[in-house]
Structures are given as C-alpha cells and as structure tokens.
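Breakdown of the fold
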Number of protein chains: 2
Amino acid sequence: MAKTKVTSFQDLLRCPPGPVDLTTVQPRATPGLKGGKDEALKTLPDYAQRLADLQERLYAAAKTGDRRRVLLVLQGMDTSGKSGVVKHVAGAVNPMDCRIQSFKAPTKEELAHDFLWRIRRALPEAGELGVFDRSHYEDVLVVRVRELAPRAVWSRRYSSINRFEERLVADGCTVVKCFLHISPDAQKERLLARLDDPTKYWKYNPSDVDDRMLWPQFQDAYAVALEKCNTGPAPWYVIPADRKWYRNYAITRLLIEVLEGLDLGWPPADFSVKDERARLEKMPAPQPGG
Amino acid sequence: MAKTKVTSFQDLLRCPPGPVDLTTVQPRATPGLKGGKDEALKTLPDYAQRLADLQERLYAAAKTGDRRRVLLVLQGMDTSGKSGVVKHVAGAVNPMDCRIQSFKAPTKEELAHDFLWRIRRALPEAGELGVFDRSHYEDVLVVRVRELAPRAVWSRRYSSINRFEERLVADGCTVVKCFLHISPDAQKERLLARLDDPTKYWKYNPSDVDDRMLWPQFQDAYAVALEKCNTGPAPWYVIPADRKWYRNYAITRLLIEVLEGLDLGWPPADFSVKDERARLEKMPAPQPGG
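Residues numbered from 1 in each chain as written. Chains lettered and ligands numbered in written order. Predicted model: local features only at pLDDT ≥ 70, side-chain atom pairs only at ≥ 80, totals over all residues. Heavy atoms only, no water.

All names here are of chain A. Remark: helix H9 (residues 184–196) packs on helix H10 (residues 206–213), axes separated minimally by 12 Å, with the N-to-C direction vectors making an angle of 165°. With respect to H10, the axis of H9 lies roughly antiparallel. When you trace H9 past H10, the crossing you get is left-handed. In this structure, H9 contributes Pro184, Gln187, Lys188, Leu191 and Arg194 to the contact, and H10 contributes Asp208, Val209 and Arg212. Of the residues belonging to the contact of H9 with H10, the class tally is three nonpolar, one polar and four charged. (Axes fitted to C-alpha atoms, helices over the stretch in contact; angles between N-to-C directions. Helix = DSSP H or I, 4+ residues; strand = E, 2+ residues; numbered from the N terminus. Parallel < 35°, antiparallel > 145°, perpendicular 65-115°, else oblique. Left-handed = near helix turned anticlockwise from the far one by under 90°. Contact = heavy atoms within 4.5 Å. Nonpolar A, V, L, I, M, F, W, Y, C, P; charged D, E, K, R; others polar.)

All right, on to the packing of aromatic side chains then. Inspection of every chain in the model, using the stated rule, returns 16 aromatic pairs over all chains. When the centroid spacing of 5.7 Å and the interplanar angle of 90° are considered together, the rings of tyrosine 47 of chain B and tyrosine 249 of chain B count as edge-to-face. In this pair, tyrosine 47 of chain B sits in helix H2 (residues 36–63) while tyrosine 249 of chain B sits in helix H12 (residues 244–261), placing the two residues 202 residues apart along the sequence. A relative accessible area of 17% places tyrosine 47 of chain B in the buried class. Pairwise contacts between aromatic rings join Phe9, Tyr47 and Tyr249 of chain A into one cluster. (Phe/Tyr/Trp six-rings, centres within 6.5 Å; stacked < 30°, edge-to-face > 60°. Buried < 20%, exposed > 50% of the residue type's maximum accessible area, 1.4 Å probe, protein only.)

Attention shifts here to the relation of the copies chain B and chain A. One copy of the chain maps onto the second through a rotation about an axis and a displacement along it. Mapping chain B onto chain A calls for a rotation angle of 180° and an axial translation of 0.0 Å; the resulting RMSD is 0.0 Å. Interpreted geometrically, this transformation is the action of a two-fold axis. Measuring from the rotation axis to each C-alpha of chain B, the shortest distance belongs to glycine 91 of chain B, at 2.5 Å. Most of the interface of chain B is mirrored in chain A, where 100% of its interface residues again form contacts. (Least-squares fit on C-alpha atoms with pLDDT ≥ 70 in both.)

As a further point, take unusual backbone geometry. Peptide bonds are, in most cases, trans, and in most cases residues other than glycine have a negative phi. Residues and elements named next belong to chain B. If you check the backbone angles, threonine 79 has positive phi at about 70° while not being a glycine. Along the chain, threonine 79 turns up in the loop between strand S1 (69–76) and helix H3 (82–92). A residue is classified by how much of its surface remains accessible, and threonine 79, at 10% relative accessible area, is buried. One non-glycine residue with positive phi stands out, namely glutamate 147, at about 50°. Mapped onto the secondary structure, glutamate 147 falls in the loop between helix H6 (142–145) and helix H7 (151–154). Take glutamate 147: its relative accessible area is 66%, and that puts it in the exposed class.

On to the packing of H10 of chain A against helix H13 (residues 273–282) of chain B. Across the interface, H10 of chain A lies against H13 of chain B with an axial gap of 11 Å and an inter-helix angle of 15°. Relative to H13 of chain B, H10 of chain A is oriented roughly parallel. The crossing of H10 of chain A and H13 of chain B is left-handed. Judged by residue contacts, Pro206, Val209, Asp210, Arg212 and Met213 of chain A of H10 of chain A engage Glu276, Arg279 and Leu280 of chain B from H13 of chain B. For the contact of H10 of chain A with H13 of chain B, the class distribution of residues is four nonpolar, no polar and four charged.

We now examine the interface of chain B and chain A. Opposite the 56 residues of chain B that make contact, chain A presents 56 residues. Interface area for chain B against chain A, summed over the two sides, is near 5,300 Å², with a carbon-plus-sulfur share of 71%. Its largest share of buried area at the contact with chain A, chain B owes to Met96, Trp202 and Leu280 of chain B, together 15% of the area lost on that side. Salt-bridge contacts for glutamate 281 of chain B lead to lysine 188 of chain A; the nearest nitrogen and oxygen are separated by 3.6 Å. For the pair chain B and chain A, the number of links is twelve residue pairs in polar contact (both at pLDDT 80 or more). Looking at the side of chain B that touches chain A, the elements with two or more residues in it are H2, H3, strand S2 (98–102), helix H9 (184–196), helix H10 (206–213), helix H11 (215–228) and H13 of chain B. Looking at which element gives the most residues to the side of chain B that touches chain A, the answer is H9 of chain B, with seven residues. Taken together, the residues of the side of chain B that touches chain A break down into 31 nonpolar, nine polar and 16 charged. (Buried area = accessible area lost by both parts, 1.4 Å probe. Salt bridge = Lys/Arg side-chain N within 4 Å of Asp/Glu carboxyl O. Polar contact = N/O pair within 3.5 Å; in protein donor to acceptor, adjacent residues only side chain to side chain.)

What follows is the structure, given as structure tokens:
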C-alpha cells in the first residue's frame, strides 16, 4: 500500500508569494477534501473536538506563564461567511477562552487615533484564541476603494501592518489570516435569500449592494493587500468559501495545524497530588448550610 | 383530557422572599423535569435552538434602536458548574451576540475603584446576552467570609447592589441571577476527578480546598446575599446543580422564559424589498477579479 501523506491545509491554502490573481482560485473548490460534503459533515465534529482540546491546552499553558496565543483574522466581501466561521469556531472551543471582536466603521473616538489603536485593544490575551471579524485590513480595503483617506495615508499602511504583525508574532501571537473567497453569484444568492425571508431583513443593508457594484475594485484591493502583507511571520490563506461546509472545515483544519505546531502539553501539577487527595479524603464532609 | 399547565421555571426556581435556608433545597433535585435525564438530554437541543432564535431577535431589535439586553449572573462554590453553564449557553446562541466576563480576584486597578466599577465596564450592550461567571456578589461573599474588607464596608454593599441592579433593570437590562447549588459531596467528587486526571491538574487549585473548609460560612454568606438582594426587579434563582444536565436544562428554560417575556418580533425592512430585489436582479454579475 502506498504511504498516505497527510494533507497540510497550511500548504494547500497559503497564498503563494508574489502578485496575487484571485481569478485563478475557484470559490467552489474544495482542496484537500476528496470526499466532498459528506466527508466534511461526517468528520467535522471530530475535528471540532480536536480543536477544542488543543485550545484548552493553550489556555492551560497560560495558567503557568506561557504567553502564547492565536489570532484568527477573517476578511471577505459581505455574505462571505465571516460570522458563520466565528459561530463555528467559537461554538467548537470553550467560548470563555475565545476573544471575538467585530470591527465596524470606526467610531469618532477610533478615528481620532492611529488605525491600529482599536486593533491593539482587541488582541487576544495569553492562552486565548482571538477572532477578528474584519480587522485592520479594512483600512487598506474599503478605505482604498471608497477613498475614505488620501492615497498618501492608506498606501503607507501596508508596511505599518507588516511591522505590527511581525512584532505581534515575535511576542508569541500566532496570526492566521483568512480571506474568504466567494463568487459574485454566491453573493447574489445569499443577498436574495435575505430579501426572501422577513426574519432576515435586519441582516440586509442596501449598502451591501452598493459595495457589490464595486466588486472588481474590491477584488483588486484584496489582491494588493494579500500580496503586500503576505509575510513569512503572518501569511495569508485564501479559503474557497462558496461552500459553507468547506469553509468551516478548512478553517478548522488550519487552526488545528497551527495549534499542533505549538506542541502544547498539559501543565504538570504545581502541588502534591498525593497530599491534596489525602486532604480531600480526610476532611469531614462539611454540613450543608452550616 | 385535563389541561396541561406549562411549567414556569421562573416560578419553580425563584428564591422565595424572606430568610433563606439553603438546606431546604436538595442539590440533586430536578424540579419541573418529570422525565429525568432522558427527557433533559432529548429535549435540550430543541430548547437550545429556541434560545438561539430568541437571542437573535433580541440582537436584531438592537439594530433598530431597541436598547434591551439580558444579563445572566452565575454564582456558586468552586466546581458548581459556572463555566459549564457559560459553555452551554454561549454554545447555544450566536457567540458574537454574547458578552462573557469572568471575574477573578480584583486587580490593583480594580481595587482602586468602587467595587461596581469593573462590573459596569463589563455589562452587555443593547441586544447582547451578557454572562457573568462570578460577579459583584463576590464582594459580599468571599470578601465577607475571608474578611477582605471591614464589616462596615461590605455590609453597605447589599443596598448598593440593589440600587445598582434596579437602575440597570429600569434601563432595559433584564437581570437573571442564578445560584448554582451543589452538595459538599458533589464538590468532593469533582475535585477528586481533577486530581485523578493529569489533563485536569491545571484546573485544580489547593485554595479550593481551603474554601471548602469554610463551606458553612460560605453557605451562610450566600443565604444572606440571596435574602438581601432578592428584589422584585432582579430576583435570585436557586438552581439545584449536582446534576449537570439539570443545571443546563433549567438555566436554558429560564432564559427562554425571560426572552419570551420581552415579546420580540423581527424588525421590519427599512428599505423597499421590491426595489432591492430588482436592483440585485438587474445588476450584471460583476466579473470576478475585475
């Protein structure tokens, strides 16, 4: 029997260095998943459990002074599934060890600071899995496309981001940046679904269609951001996202690989297990209510 | 056929007014659940789904200016299952609409402020379900039992808490306070389980046994807090918690009743559905990659 090489989702999905052409990535593709939807749905609970176990090890390590943490950055067009991933990932791990932050249009206070100010305040702490639904990349995406700042301002941000992320990684925070790649057709279908269902009207925003009109400009802005900020310490991953089950599956696998790479054990007891057991066994059961 | 009255978990579990005697509540009881564990495990997924649906309505309402929100306060001895409830509840609803805060021993900065300072900073925003793992009640529980502040200080806090919670409720935040009631035997079993499993050593803290030695004093402090802060706007619920499946079930049902009481619909569209559909249908699909 031929040796089976375990698929590395990091290798499969990592954005190759150099100029980025998003048209070469099929949003309906399912790289690394030979069995299709059936396989994804069948194996996902086990992978979710594995992710939860690894995340618990990370959290446990922090209790003994390990400062490591992980940050998942999600970017993508409206309806690309950022919230869906948050729900899936945070639903898999202990939500208490998860720090989720959704970035909307900046407030007045946020605008009065450097664009990374609000990002720094939302970073995961030691042992946590941080999840960003949108991020500092909005400042080179929507800001660029809609000219919300002069070119001289946003064009300097790519290198600011690279320096920021490099320091973050050096400080023990693994950064996993995922671009959720959907097709215009999938977006249309998902926006129409919101219009077809009165319980989903609140999720619909006419400005999503305005953004959709600028689809090519947004894709260009993404391609530039992916190229310029695809660094060794903090690479970009491109996740085909027309199929929700693949998107969740791929990101779960990616996070598992990243956490496995941290080689996390369980912290040893910093007390005598024998003495503590004796203390518990010997102690007369206190009377309830005293 | 006799009319079946739907069980109200709010009525069943609400702490009666007047002096509290926790010895009269059996930690292994399962009020309102006739079918036992089988019924709990069988129906819990449906209730979790209902809770998720209601929470989504609350979140949706906030998008149209509704400021209402819900705060679940969890208190109980070590191993009483506070984290387990957080995991269950946050795992049921969209974790993005959940604001979870765990309160440890106060930091130097927190101690430099009024005891409610850190609480105010962690409150849920409009549309959110906040969950407190421990809370401002620690300031009349561990602080009282271990004499971490003079009696003159902590004894004034009960009325401060009542005023604080009353204002909070008046401001649209429904407060659901749950005391997770376990027996000393269940605690012993759970602490021993941590000592028996090297992957759980990190969860074990010898000081938990020190607290256990003060079991009667803690139960007394709980009884006083439950009595003094069992107000109309923010009542206490006592949750028998020796059985984890009952604890999760009961709190899920409680939250469902509270949210149903808010009578939440879905916000109507603030745009023309017809026009938006036409705009989406007519718009030529943008070329991917531009």
